[in-house]
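Listed below are the residues making up each chain.
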Amino acid sequence: MKKNIVIFIAFSLLTTTGQAKELVQTDHYDLSKIELLDLHKAQQIALQDNPGIGAAQARLEQAKAALQRALAANKPSVDADASTGLSRYSDKTYDGISLSQPSADQHYEVGSVGLRASWLLFDGYARKFQQEQRRYALEASVANIKNTQRVLASAVADAFFNAQLALAAIEIATANQDFYKRQLQDAESRLEVGSGSLSDVLNMKVQLNSAKNSLLSSQRDYDAARYALAALLGITDAVLPQDIQLAALDKECDISAQKNLSDGNKLIQEALQARPDLKALALQMKEAESGIEQAKSGDWPTVQLTGQVNGNTQDGLVPREEDVAASVGLSVKWNLYSGGAVDAAVLEARQAKRAAKYAYAELRNSIASEVWQGIVRLTAAREQVSLQRKTLALVEKNRKLAKSEYEAGSASLVRLNEAQRDLTATYGRLVQALVSYHQARHHLLAALGRDFAFLSPSQKKQAAQ
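Criteria and thresholds
- Residues numbered from 1 in each chain as written.
- Predicted model: local features only at pLDDT ≥ 70, side-chain atom pairs only at ≥ 80, totals over all residues.
- Heavy atoms only, no water.
- Helix = DSSP H or I, 4+ residues; strand = E, 2+ residues; numbered from the N terminus.
- Buried < 20%, exposed > 50% of the residue type's maximum accessible area, 1.4 Å probe, protein only.
- Contact = heavy atoms within 4.5 Å.
- Areas by Shrake-Rupley, 256 points an atom, 1.4 Å probe, with all protein chains shown as cover.
- Axes fitted to C-alpha atoms, helices over the stretch in contact; angles between N-to-C directions.
- Parallel < 35°, antiparallel > 145°, perpendicular 65-115°, else oblique.
- Left-handed = near helix turned anticlockwise from the far one by under 90°.
- Nonpolar A, V, L, I, M, F, W, Y, C, P; charged D, E, K, R; others polar.
- Patch = residues over 30% accessible without salt bridge, like charges linked within 9 Å, V, L, I, M, F, W, Y side chains within 5 Å.
- Salt bridge = Lys/Arg side-chain N within 4 Å of Asp/Glu carboxyl O.
- Phe/Tyr/Trp six-rings, centres within 6.5 Å; stacked < 30°, edge-to-face > 60°.
- Lys NZ or Arg CZ within 6 Å of the ring centre and 35° of its normal.
- Pairing = 2+ DSSP bridges.

Moving on, we get to the overall build of the protein. Assigned secondary structure in the protein consists of eleven helices and six strands. Within the span of the protein, comprising 465 residues, buried residues form 36% of the whole. Nonlocal contacts in the protein, meaning residues at least 24 apart in sequence, comprise 79% of its contacts between residues at least 6 apart. When the accessible area of the protein is evaluated, it comes to approximately 27,700 Å², of which 55% is carbon and sulfur surface.

Here's what the structure looks like:
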């Protein structure tokens, strides 16, 4: 029997250890299989490996354990105790005992065993409402995990688009550098044959150095953006492997496909239904309501069933059968006065509900504001993309004309440099407008509570339309 008990305890410890290990350890995403990282994949990695998700999951498991602890109050409690030892009569007591029992020893062995069981039958419904509180807290933890995922997915989108902006800036700076390299070669060739000037060569060298400086700055910004993205992805030491390249910015996005994101009233209603942080606050209000009822239970009596079996002996280390006694009883306890503690507890719970109610109203207004701001920013970004595309077409044509006129000798180098700077700057503004558009769109989707990270590409396209 003892062997079976030992095996059972060992098995329980191993099982518990395995469960704890399972909660702590998680498999990280295998980055070695990725060559080109797009936004969807980046969000998937972050939602698996970011430490914030692990912390939210731990809080969820904590809420589950708290609920189980509250439910355990419905069951009886059983306690066992045992003691053994050696005692000695005082000299005066022993002298009295030895008169009637000459063979009695002044030193004697004592032992006791006991088994006590208690079952709380009624406590003014305190257990019921405490369990309700724990259930609402558990549901709120689930909603908080979803909200953590929502916020993280939005942050990853921001970091990813910033990295794409830096990557596009590298492309623009590289193209600008290549242009001035060709112009420098052409100017040097002209100088050699006597049809060019040294000032043109020097000017091209200055412009080329400026283009190289812009390229270096863009590369530095891109490296910094990769570190920021890697931190959100939960990558150790925030270093994204160099063999992983980021997908290029979508310069041909269909901006007309998002016109359904313009009905503010409809989108606000969608957000109020879908936002997990608002759901969490609604559950906190219900939890506070249960807290009020739990506080009121202090005015009710408690009824408890108790039973015990005790064995005590002074004739050995272990009590014998004739040393064992048993009892069973029903006890009622009713606090008649507690100095206003119950009223204070009820008031405290009501204020907790009031605070949750105000927080809910504040968040509701904040969500509506986020939606309206998102619509305005998305609309403005859409118009900016359209405008910059038109401007780019004009600037490209102007640079082409300036280059032809300079090569023909009918335009100055100043005009060519000015046209090239306009082209580079316009390309930069177009890329910035595209990034602003993508970020505004994702901010609005996050405000609406739409979660695209778990959908397939076809589902995402369908949901966006």
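Another aspect to go through is the side chain of His442. The topology assignment puts His442 in helix α10 (residues 413–448). The residues touching His442, leaving out its near neighbours within four places in the chain, are Leu39, Ala157 and Phe161.

The next subject is the packing of helix α6 (residues 198–233) against α10. Across the interface, α6 lies against α10 with an axial gap of 11 Å and an inter-helix angle of 15°. Relative to α10, α6 is oriented roughly parallel. Our pair here, α6 against α10, has a crossing hand that is right-handed. Residues Asp200, Asn203, Met204 and Gln207 of α6 form the contact with α10, whose participating residues are Leu413, Leu416, Asn417 and Arg421. Looking at side-chain class alone, the contact of α6 with α10 contains three nonpolar, three polar and two charged residues.

A few words now on a nonpolar patch on the surface. On the surface, a nonpolar cluster with roughly 500 Å² of combined accessible area is contributed by Trp119, Leu121, Leu305, Val328 and Leu330. The set of elements that each furnish at least two residues to the nonpolar patch consists of β3 (107–122) and β6 (324–333). Position of Leu330 relative to the elements: it lies in strand β6. Using a relative accessible area of 58% as the deciding quantity, one classes Leu330 as exposed.

All right, on to the packing of aromatic side chains then. Summed over all chains, the structure comprises four aromatic pairs. Residues Phe122 and Tyr125 carry aromatic rings whose centres are separated by 5.3 Å and whose planes lie at 85° to one another, so their mutual orientation is edge-to-face. On the accessibility criterion, Phe122 (22% relative accessible area) is partly exposed. Summarising the aromatic geometry, the rings of Phe122 and Trp300 are spaced 5.9 Å apart at their centres and angled 75° between planes, so their arrangement reads as edge-to-face. Remark: Trp300 occurs in the loop between α8 (276–296) and β5 (302–313) and Phe122 occurs in strand β3; sequence separation between them is 178 residues. Residue classification places Trp300 among the partly exposed residues on the basis of a relative accessible area of 47%. A cation sits over an aromatic face here: Arg190 above Tyr406, 5.1 Å from the ring centre.

Attention shifts here to helix α2 (residues 39–49). One full turn of an α-helix is made of 3.6 residues, so residues set three or four places apart face in the same direction. Taking burial as the measure, the eleven residues of α2 include eight buried ones, the bulk of the element. When we look at burial in α2, the residues that qualify are Leu39, His40, Ala42, Gln43, Ile45, Ala46, Leu47 and Asp49.

We note that Tyr125 has phi near 65°; this positive angle belongs to a residue other than glycine. Even without being glycine, Ala238 reaches a positive phi, approximately 55°.

Here the focus is the sheet that holds strand β2 (residues 77–88). Spatially, the four strands line up as an open sheet ordered β2-β3-β5-β6, and their pairing is antiparallel. Of all strands in the sheet, those bounded by a partner on one side alone are β2 and β6. Between one strand and the next, the sheet's axes are offset by a mean angle of 15°, whatever the strand orientation. Here eleven bridges tie β3 to β5, and the two strands are oriented antiparallel to one another. The residue of β5 that forms the bridge with Ala117 is Gly307.

Opposite charge on two side chains permits them to pair, given that their charged atoms come into close proximity. Per the stated rule, a full pass over the model turns up twelve salt bridges. In this structure, the salt-bridge partner of Asp277 is Arg150, at a minimum N-O distance of 3.5 Å. Placement of the pair is Asp277 in helix α8 and Arg150 in helix α5 (residues 126–193), with a sequence separation of 127 residues. A salt bridge links Glu370 to Arg275, with the nearest nitrogen and oxygen atoms 3.4 Å apart. Of this pair, Glu370 sits in helix α9 (residues 341–408) while Arg275 is found in the loop between α7 (264–274) and α8, placing the two residues 95 residues apart along the sequence. When its relative accessible area of 31% is taken as the criterion, Glu370 is described as partly exposed. Take Arg275: its relative accessible area is 2%, and that puts it in the buried class. A network of salt bridges, in which partner residues are shared, links Arg150, Arg275, Asp277 and Glu370.

The values reported here are purely geometric and, on their own, carry no functional implication.
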